[in-house]
Structure formats: structure tokens, C-alpha cells
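This is what each chain is made of:
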Amino acid sequence: MARSLHWLMAAMIGVQLTVGWVAEEMARSPEKVTWMTGHKSLGVTILLFAVLRTWNKTLDPAPLPPAGTPRWEIHGATISHWTLYFLMLALPLSGWLVADTAIFPWKLWWLVPAPDILASGKELHEIGETLHKLLVWSLVALLSLHILAALRHHFIKRNDVLRRMWRG
Amino acid sequence: MRLRCLLLAWGLMSATAVLAQWHSLVDESELTFIVSFEGLEIAGRFAGFQVYTNFDPNDPSTAQLEVQVDLRSADMNDAEVNQEIAGPVWFDVPGQPQASFRSQHIFTLADGFVAHGTLELKGVRRPVQVPFSWVGDDSRSVMTGELAIDRRHFEIGIGEWADDEVIGYPVTVKFRVTLVP
């Protein structure tokens with residue numbers, strides 16, 4: 001369960017970063033609206049999975065690190081993993097703030113109208129945008145570290161940390 | 001020559017006098033438009049518009065009605081979007097800053113009135129029918145109504161916005177106008 005959730009979310013986050021990047025670069029057009037609605041829908045989906053995953057992490061904790069792992073690495077891993085969980089929750093929420101304070105209504109996966117909770121407004125909208133950008137760059141930085149660390153375990157330290165996430 | 005000038009001036013004055021019998025109060029009047037955006041409603045408003053009429057609910061047959069809309073006042077509650085809709089793809093405000101509706105044929109219906117007239121918008125003139133209710137007395141009246149127009153008829157939203165994939169064709173125009181003599 002934990003491993004399936006990891007790879008499923010890795011795939012969704014990869015797609016989401018790409019869609020968000022492409023849509024942000026587009027000039028206002030019907031295509032941009034479609035990409036943005038996809039981005040919002042995927043964001044809400046990721047948020048739901050992140051909640052499920054955070055709950056699952058407390059039920060099914062990660063296995064112990066390989067014997068002989070230095071303390072700084074254990075602490076570093078704990079901090080970065082919890083920060084990743086925080087970002088998986090905070091990024092969609094900040095994106096929701098951006099979408100909710102915009103004037104455009106949207107439907108989750110073009111089916112369910114998203115509730116319009118906050119009034120449209122420039123100030124909150126801009127706060128949301130700044131937050132969303134800040135969080136996405138934090139995520140990109142931390143994901144890079146996460147991937148480099150996994151590769152280091154596999155190729156340099158030659159332990160089973162990456163393998164057990166893949167095969168169990 | 002002088003007589004003709006006088007006659008012309010008299011004619012203009014009487015025409016204005018007829019139309020100026022009632023005029024709208026800007027702060028107590030609303031003109032909104034609603035369109036579908038990915039199947040959900042999105043609305044905007046024109047703050048700057050004026051209505052002039054000599055309408056008499058007891059005898060609408062002689063009534064004339066004129067509505068002037070300042071398209072520069074189109075507001076969707078987002079500065080960037082407002083700039084966008086003023087452009088040539090949407091209202092083309094620099095090319096045609098005013099829209100108008102003129103009617104000289106107002107009829108009584110079972111539940112109100114209907115004005116048959118011409119809507120001029122973005123350089124296109126088309127006949128439209130505007131149903132409305134009229135409530136009030138000699139010192140103050142409120143005119144309320146709504147009509148549906150098709151944005152394609154007025155070339156509102158052209159180019160890549162020409163199809164209805166994101167923004168629908170029907171536009172509901174609603175108004176609530178407070179008029180005083």
C-alpha cells in the first residue's frame with residue numbers, strides 16, 4: 001500500500017509539475033483554460049491521495065534505515081520526508097487558494113463544480129500565487145535531493161533502500 | 001435660413017424633451033451579463049449606462065426608449081480580464097466604445113411589456129425584443145428585465161474563442177433600472 005501510493009503519487013506529481021509549467025507559460029486561450037482545469041483537478045486528486053498517504057504513514061511506518069546509517073542521515077531523511085508530506089498537502093491547498101480567489105468557475109475533472117468559498121479578490125489571489133510558486137520551487141529542490149539521495153543509496157552506498165521501495 | 005435653424009432647434013429640443021421624460025439613475029441601476037464558462041456561470045457588469053424614455057405604462061404605443069452603454073465600463077471583477085475583454089476579440093472598445101438599444105415600438109404583454117428595437121453592438125445592428133416590467137409612480141419607476149442574445153451575432157469572442165468549447169454562445173443580459181422624471 002505505502003509503496004503503491006509512493007509511485008502513484010510520484011507519477012501524478014511529475015505530470016502535475018509539467019502541466020502546471022506548460023499552462024502557466026501559455027497565453028490566455030481556450031487551451032490554457034483546459035490545461036488549467038486539468039491542473040486544478042489533478043491538484044485536488046493529489047491532495048486527497050496525500051491525506052490518505054499521511055494517514056497510511058502513521059499506520060504503516062517506513063522500514064528502519066539500513067544498519068550503520070549515520071545519525072545525520074537518519075535525521076535528514078526524517079525531516080525531508082515529513083517536509084515532502086507537508087508540501088504534498090500545502091501545494092494543492094495554495095493552488096486551491098489561487099483558483100478560488102480567481103473569477104473563473106471550474107469543475108473537478110469537468111464534472112463536479114468546485115465550491116466557490118472565498119470571494120474573488122486581488123490581494124488573496126496574489127498571496128496565493130506567491131505561496132504556490134514558493135512551495136513549488138521548494139518541492140522541486142527537495143524532490144531533487146530526494147532522487148539524488150535514492151540514487152546515492154543504490155549506486156554509491158550500494159544498499160537496498162531504493163530496491164525495497166521498488167520491489168518490497 | 002434663420003427660420004430653418006429655429007425649426008431645427010425646436011425639433012431637437014422637442015425630441016430631447018420627449019426622450020428626457022424619464023432618465024436612469026446611474027447609482028441605482030444595474031446592467032449585467034452572464035455567460036457560461038466551462039458549463040458554469042460567469043458574470044460581468046456595465047457600470048456606465050443610461051436609459052432615456054418617455055414611456056407611459058398606461059399607453060405604451062407612443063413610447064420611445066433609448067439605452068446607451070459605455071463599453072469601457074465593462075467589468076468582470078479582474079483587472080487583467082477587463083483589459084482583455086476591451087480588446088478586438090471581445091468588445092473592441094477602441095473601435096466601438098458605445099453600444100445602444102433604440103426602440104419605438106413598445107407593446108403590452110400579459111405580464112409586462114416588450115420593446116422591439118435595434119441593438120447596436122460592436123458595429124453590428126440587429127433587431128431584438130426586450131421584455132420588461134415597470135413598477136413605480138410618476139416620481140420614480142423601476143424597470144426590470146432580461147433577454148438572451150447570441151454572442152456570435154455580434155462577433156463577441158472571435159478567433160480561437162469563436163467556438164463554444166469554453167465560453168458558451170448564449171449571453172443573458174439582465175437589467176434593473178431606476179428612473180426618475
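Residues numbered from 1 in each chain as written. Chains lettered and ligands numbered in written order. Predicted model: local features only at pLDDT ≥ 70, side-chain atom pairs only at ≥ 80, totals over all residues. Heavy atoms only, no water.

Student: How would you summarise the interface of chain B and chain A if you had to cite specific residues and measurements?
Tutor: Contacts between the two partners involve 16 residues from chain B, matched on the other side by 15 residues from chain A. Contact with chain A buries area across many residues of chain B, yet B:Phe37, B:Glu38 and B:Leu40 alone supply 37% of it, more than any other trio. The tally of links from chain B across to chain A stands at 2 salt bridges. For A:Arg28, the salt bridge is made with B:Glu84, and the minimal N-O distance between the two is 3.5 Å. The interface formed by chain B and chain A contains 4 residue pairs in polar contact (both at pLDDT 80 or more). (Contact = heavy atoms within 4.5 Å. Buried area = accessible area lost by both parts, 1.4 Å probe. Salt bridge = Lys/Arg side-chain N within 4 Å of Asp/Glu carboxyl O. Polar contact = N/O pair within 3.5 Å; in protein donor to acceptor, adjacent residues only side chain to side chain.)

Student: Let's hear about the packing of helix H1 (residues 2-25) of chain A against helix H4 (residues 122-156) of chain A: which residues, and what values?
Tutor: Residues and elements named next belong to chain A. In the contact formed by H1 and H4, the axes pass within 13 Å of each other and the chain directions differ by 135 degrees. Taken together, the axis directions place H1 and H4 in an arrangement best described as oblique. Classified by chirality, the crossing of H4 by H1 is left-handed. On H4, the residues that touch His6, Ile13, Leu17 and Trp21 of H1 are Val136, Trp137, Leu139, Val140, Leu143 and His146. (Axes fitted to C-alpha atoms, helices over the stretch in contact; angles between N-to-C directions. Helix = DSSP H or I, 4+ residues; strand = E, 2+ residues; numbered from the N terminus. Parallel < 35°, antiparallel > 145°, perpendicular 65-115°, else oblique. Left-handed = near helix turned anticlockwise from the far one by under 90°.)

Student: Outline the packing of aromatic side chains, supporting the account with residue identities and numerical values.
Tutor: Scanning the model with the defined rule gives 14 aromatic pairs over all chains in all. Here the aromatic rings of A:Trp7 and A:Trp166 are separated by 4.9 Å at their centres, their planes lie at 90 degrees, and the arrangement is edge-to-face. Of this pair, A:Trp7 sits in helix H1 while A:Trp166 sits in helix H5 (residues 161-167), and the two are 159 residues apart along the sequence. Assessed through its relative accessible area of 32%, A:Trp7 is described here as partly exposed. Classification of A:Trp166 by relative accessible area gives exposed; the value is 57%. Chaining the aromatic ring pairs together yields one cluster made of B:Trp22, B:Phe55, B:Phe113, B:Phe132 and B:Trp134. We note A:Lys57 situated over the ring of A:Trp82; from NZ or CZ to the ring centre the distance is 5.1 Å. Just above the ring of B:Tyr169 sits the side chain of B:Arg152; from NZ or CZ to the centre is 3.6 Å. (Phe/Tyr/Trp six-rings, centres within 6.5 Å; stacked < 30°, edge-to-face > 60°. Buried < 20%, exposed > 50% of the residue type's maximum accessible area, 1.4 Å probe, protein only. Lys NZ or Arg CZ within 6 Å of the ring centre and 35° of its normal.)

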